[in-house]
Each structure stands twice: as structure tokens, then as C-alpha cells.
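Here's the letter readout for the chains.
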Number of protein chains: 2
Amino acid sequence: MNATAKRAGLTREKVLGAALELVDRDGIEKLSMRRLGAELGVEAMTLYHYVPHKAALLDGLVEQVVSAVRPDFDGSADEWPARLREFAVAFRDELLRHPGVIPLVATRPARSATALLAVEDAAAALGEAGIGPVQALRIVNAVSTLVIGHCLAEAATTPGHPEQPGDDLDLTAFPTLAAAVAGGLGSPADHQARFDLALDALLTGLQA
Amino acid sequence: MNATAKRAGLTREKVLGAALELVDRDGIEKLSMRRLGAELGVEAMTLYHYVPHKAALLDGLVEQVVSAVRPDFDGSADEWPARLREFAVAFRDELLRHPGVIPLVATRPARSATALLAVEDAAAALGEAGIGPVQALRIVNAVSTLVIGHCLAEAATTPGHPEQPGDDLDLTAFPTLAAAVAGGLGSPADHQARFDLALDALLTGLQA
DNA sequence: CTTGACTTTCTTACACCGTAAGGACAGAGT
DNA sequence: ACTCTGTCCTTACGGTGTAAGAAAGTCAAG
């Protein structure tokens, strides 16, 4: 009978979803309990019924993003470099879809079940190629770390700065650097190229 | 004549130095303008005469840390992989010496003159080996990114969490993972091994 | 010495943050 | 009808970064 229901009918999932939406739209620094509450038509303290503290909320953001990339490690055992490559590319795509979350992914280790499952799958696939469990996880870790590091540099949120004055640096003292910038360094295409270079090199070097 | 001088005689360098000390001792989340002021025997607002805003203070921390690693790229032109390796190891050592600053280094690009100079030197050295400026900078970037990524994972501060409950995860559903943990994964020695594995693989793969 | 300009420091204040404590109210089970 | 449980709000506390301006120290010129 009430047009405006007194109960908002929240769930942990709705809260996390709204948080991710807010971060994607306005950036992490705008994510506060009060603002998120307002987004959901609710007071700040209400959120504490679905999340124990803000840190858990941030963990939830990480969980959402890393869970969205579901790698597939089926196929013949000797194709693991190609599979790892696919995983890396998918992971990067997902991270770049949520730039505000990247620093969180980089900072807090994902311990959720789905994240562990993905790691387990990858390691098991490497195991079938005759690689021991410790080495397999090191390899998976190296690839993940590379992806995160590159996305971090690419999305460079640099929170707190009022403005980002483009490229007003004086490069006259750095000829090689200047030449590289003139050659297209820093462009979006260059980010892709940097990532591909590093990923290919890592995978190539890993086969030994 | 005054035992306690009314003027503290601060400088930007002293402020930055005290900030780094505070972060090394207590972690970033404890770095506030008021606390840093107290550390220097001064009110919070006084600091704003040496630093325009807190973001600049954080930039200063990054600058201090990255400036401390001064790579040497002299030597014959074909030794660049070994030089890059030395740089990577020195960079990592310096970062691990200041764990609280690692997330800052990962987030805000170092645009200081000394940082640019180091990059310039490295790129120039690669240039003597017949590598073009764009490719040279991509290589330097790949190595730096790898170092930052690995240090980020290794120092994993995970700010905000009350406690870090060790390894109480239930790994029974993840046999490969469990086997790897039993095999020593996660130990300090393993971090070193992970870094070495990734760095060697990257450098090997980069020679092509 | 006095004066006045300058730099450095402090005081006060504001808006915002995370969250502890407890009260108001709805719907379900007895 | 009555309590119970879960949802939501109100109030409050101590913390944050920082804007505005008053006060006090320093130093050179008159």
C-alpha cells in the first residue's frame, strides 16, 4: 500500500554492486559509506548490516572484478603458454573495465573461493605439462603480477591530485626520452604494445 | 638565548624526510598532517608552507625512494640485460626497504628529474645496443613494472583490515594449491624465487 | 633604536570521513 | 496479542584535509 516502501530490501550483493557502479562512475575517492547509502536510498549505518566495515566493502569490489574473469585451461597439455596468454589478456580487459578498482586489486590479495579456483585450475593445467605445483603457482603468479602492474601503470589514477597537467614536462635534457615521446610513447596503442611486449617476453622466457 | 627556539627551521626536505621516517615506522595510514606536524614539533597547518597539499607530500615520498636507487648503465653495449637485472634488483631492494611507500610508487608516476634521468640513462644504454628509443623505453618500463608489481604483492600491506589471520584458508578443495603451500609457497625465500623466476624469464624473452 | 616588510607559525573553523551505541518500527512465529 | 528478529534511522565521537586570517618572530633600512 505504501508507494515508498520502508524496507529497501538490500542484500550484500546489491550493496557491492552499487559500490562497484559508484566507483566505476566517480572513482574510488568518491566511495564513502554515506554516499553509497544515498545511492541506495538508505542511511550510511544501514550498510553495516551487510558489510562489517569498509575494508570488507573494498574486498568485495576486488572479489567482484576478479571473479568476472573466468579462465579456461582445457586443451592439450603443451598449450599452456597460449592458455596463460588468454588468461592474461582477459584479466587485463576486465581490470581496464574498472580502473578505479585496480589499486585495490593490486593491494589486497584475492582470497575468495572463485579466485582460488581459477588459480587452482591454472596450476593444475601446468601440472599436466609436467610442471611441479610450486613452480606452477610461481608461473601463474608471475603472469598475474605482470597484468596487475601494467594495468596499474596504464590506468594511473593518481588519487588526490587536483589536476593532471598532461605532458608539460621539459624533456630537452632527455633526448632519448623526447625521441620516444615523439615516436608515440604514452598513447593508448603504446600501452597495448607495452603489455604485449612484456607478456610475450615473459611467456617466452618461462618456457625453460 | 632561548633554549627552545620558536622557529623550527623547517625545509621541504626535512618535512619529506620526517614523513618517510613516520611511514617507515608506523605505516602510511598513520601519516596525517597533524601527526607529521607533531613529529616536527609544529602545528599541522605549518606544513602547508612547505608542501601545497597532502598529495604533493605523497609525491615527495615517492620521489625520495625512487631517487635513492641510482642505476649504472655503463659498460659494453651488449651487456644491457645484465645491467637491467642489476637495476631491477636494486630497485626492489630499495622498495622493500620502504614497504609503506610501495603502493604510492605503484600509483603515482615518478616525474621527478632524477627519475627521468635514470630512465634516460637506461634507454640511452639500450640505444647503443641498436634498440630504438620507443622500444628501449618499453623495455625499461616492462622491467620497472615487473619490480613494482612483485614488491606490491610481497609487501601486501592491505590497509584497513583489523587483523590478517595468517593462512587459515581451507585448501582441501584445491589440491594443487595445497601441495604448493606445503612445498614452501608464500615463504620469504619463495618471494625471492618468484621474483627471480619472473625477472629472468622477462629478460630472456626480451632478447629477441 | 625604531619602523616596517617578510616569513614563519598558530588558531579557529568547516565539511567530510568511518563507525559505536541505541532506539524505532516492520513482519513472522507462537 | 506478544515477543522475537531483522532492518533501518538518529545521534554522537574522534579523526581527516585544508581555507582564512591573526599573531609573532626575523631582518634590513632609516
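Relevant structure appears above.
Residues numbered from 1 in each chain as written. Chains lettered and ligands numbered in written order. Predicted model: local features only at pLDDT ≥ 70, side-chain atom pairs only at ≥ 80, totals over all residues. Heavy atoms only, no water.

Participant: Mind showing me how you'd approach the relation of the copies chain A and chain B here?
Facilitator: Note: a rotation about an axis with an accompanying shift along it relates these two copies of the chain. Rotating chain A by 180° and moving it 0.0 Å along the rotation axis overlays it on chain B with an RMSD of 0.1 Å. Taken together, the turn and the small shift mark the pair as related by a two-fold rotation axis. With an isologous cut-off of 70% or more, the 98% of interface residues of chain A that recur at the interface of chain B puts this contact in the isologous class. (Least-squares fit on C-alpha atoms with pLDDT ≥ 70 in both. Contact = heavy atoms within 4.5 Å.)

Participant: I keep staring at the environment of A180(A) and nothing clicks. Help me out?
Facilitator: As for its position among the elements, A180(A) is in helix α8 (residues 175-182). Residue class for A180(A) comes out buried when judged on its relative accessible area of 0%. Apart from the residues within four sequence positions on either side, A180(A) is in contact with L185(A), P133(B), V134(B) and L137(B). (Helix = DSSP H or I, 4+ residues; strand = E, 2+ residues; numbered from the N terminus. Buried < 20%, exposed > 50% of the residue type's maximum accessible area, 1.4 Å probe, protein only.)

Participant: Looking at this structure, I do not really get the pattern of salt bridges. What am I missing?
Facilitator: A side chain of one charge can pair with a side chain of the opposite charge when the charged atoms of the two come close. All names here are of chain A. Taken as a whole, this structure holds 24 salt bridges over all chains when the rule is applied. The salt bridge involving R92 is made with E154; its shortest N-O contact spans 3.0 Å. Residue R92 is located in helix α4 (residues 80-97), and its partner E154 is located in helix α7 (residues 133-155); the two are separated by 62 residues in the primary sequence. One network of salt bridges, with partners in common, ties together R25, D26 and E39. (Salt bridge = Lys/Arg side-chain N within 4 Å of Asp/Glu carboxyl O.)

Participant: Looking at this structure, how should I read the interface of chain A and chain B?
Facilitator: Accessible area lost when the parts come together is the quantity often used to give the size of an interface. Chain A puts 55 residues into the contact, and the matching count from chain B is 54 residues. For the pairing of chain A and chain B, the buried interface totals around 4,800 Å² over both sides, and the portion due to carbon and sulfur atoms is 70%. For chain A, the biggest contributors to the area lost against chain B are R111(A), E120(A) and R138(A); these three give 12% of the whole. R138(B) is paired through a salt bridge with D190(A); the nearest N and O atoms lie 2.7 Å apart. (Buried area = accessible area lost by both parts, 1.4 Å probe.)

Participant: So what exactly am I meant to see when it comes to the protein's contact with DNA strand D here?
Facilitator: In the vicinity of DNA strand D lie 21 residues, with A8(A), E43(A), Y50(A), R34(B) and Y48(B) positioned nearest. Of all DNA strand D atoms lying within 4 Å of any protein atom, the proportion belonging to sugar or phosphate reaches 51%. Within the backbone of E43(A), an N or O atom sits 2.7 Å from a phosphate oxygen of DNA strand D. Take K54(B): an N or O atom from its side chain is 2.7 Å from a phosphate oxygen of DNA strand D. The element contributing the most residues to the surface near DNA strand D is helix α2 (residues 33-39) of chain B, with 3 residues. Here the surface near DNA strand D is built from residues that sort into 8 nonpolar, 5 polar and 8 charged. (Near = heavy atom within 4 Å. Polar contact = N/O pair within 3.5 Å; in protein donor to acceptor, adjacent residues only side chain to side chain. Nonpolar A, V, L, I, M, F, W, Y, C, P; charged D, E, K, R; others polar.)

Participant: What is the right way to look at the protein's contact with DNA strand C in this model?
Facilitator: Looking at DNA strand C, there are 19 residues lining it, with R34(A), K54(A), E43(B), H49(B) and Y50(B) nearest. Between DNA strand C and R35(A), the relevant distance is 3.1 Å, taken from a phosphate oxygen to a side-chain nitrogen or oxygen of the residue. The side chain of T46(B) places a nitrogen or oxygen atom 2.8 Å from a phosphate oxygen of DNA strand C. Grouping the amino acids of the surface near DNA strand C by side-chain chemistry returns 8 nonpolar, 5 polar and 6 charged.

Participant: For this particular structure, what's the right way to read the environment of T176(A)?
Facilitator: In this fold, T176(A) is placed in helix α8. If near-sequence neighbours (up to four positions away) are discounted, T176(A) is found in contact with E120(B), A123(B), A124(B) and P133(B).

Participant: Please clarify how helix α9 (residues 188-206) of chain B should be interpreted in this entry.
Facilitator: Since one α-helical turn is 3.6 residues long, residues separated by three or four positions face the same way. An ideal rise of 1.5 Å per residue puts 27 Å on 19 residues; α9(B) measures up with 27 Å between its terminal C-alpha atoms. Along α9(B), the residues that are buried comprise D190(B), H191(B), R194(B), F195(B), L197(B), A198(B), L199(B), A201(B), L202(B), L203(B), G205(B) and L206(B). Those residues of α9(B) that are buried lie in contact with α7 and α9 (188-206) of chain A together with α4 (80-97) and α7 (133-155) of chain B. (Expected span 1.5 Å × (residues − 1).)

Participant: Can you help me understand the packing of α8(A) against helix α6 (residues 113-128) of chain B in this one?
Facilitator: Pairs of packed helices are described in terms of their axes, by the angle between the two and the distance that separates them. Remark: α8(A) packs on α6(B), axes separated minimally by 8 Å, with the N-to-C direction vectors making an angle of 80°. On the basis of their axis angle, the class for α8(A) and α6(B) is roughly perpendicular. Between α8(A), through P175(A), T176(A) and L177(A), and α6(B), the contact on the second element is made entirely by L116(B), V119(B), E120(B), A123(B) and A124(B). Of the residues in the contact of α8(A) with α6(B), the class split is 6 nonpolar, 1 polar and 1 charged. (Axes fitted to C-alpha atoms, helices over the stretch in contact; angles between N-to-C directions. Parallel < 35°, antiparallel > 145°, perpendicular 65-115°, else oblique.)

Participant: Is there a simple way to think about the packing of aromatic side chains in this case?
Facilitator: The geometry of an aromatic ring pair is captured by the separation of the ring centres together with the interplanar angle, meaning the angle of the planes. One pass over the structure, following the stated rule, counts 4 aromatic pairs over all chains. Taking the centre distance of 6.3 Å and the plane angle of 50° together, the rings of F73(A) and F87(A) count as tilted. Taken as a pair, F73(A) in the loop between α3 (54-68) and α4 and F87(A) in helix α4 lie far apart in primary sequence, 14 residues in all. Here F73(A) matches F87(A) in class, with each residue buried. Where F87(B) meets F91(B), the ring centres are 5.7 Å apart and the plane angle is 25°; that geometry is what we call stacked. Of this pair, F87(B) and F91(B) both sit in helix α4, separated by 4 residues, roughly a single helical turn. Each residue in the set F73(A), F87(A) and F91(A) is aromatic and connected to the rest through ring pairs, giving one cluster. (Phe/Tyr/Trp six-rings, centres within 6.5 Å; stacked < 30°, edge-to-face > 60°.)

So, to be careful, I would describe these as geometric facts and stop short of saying anything about function.
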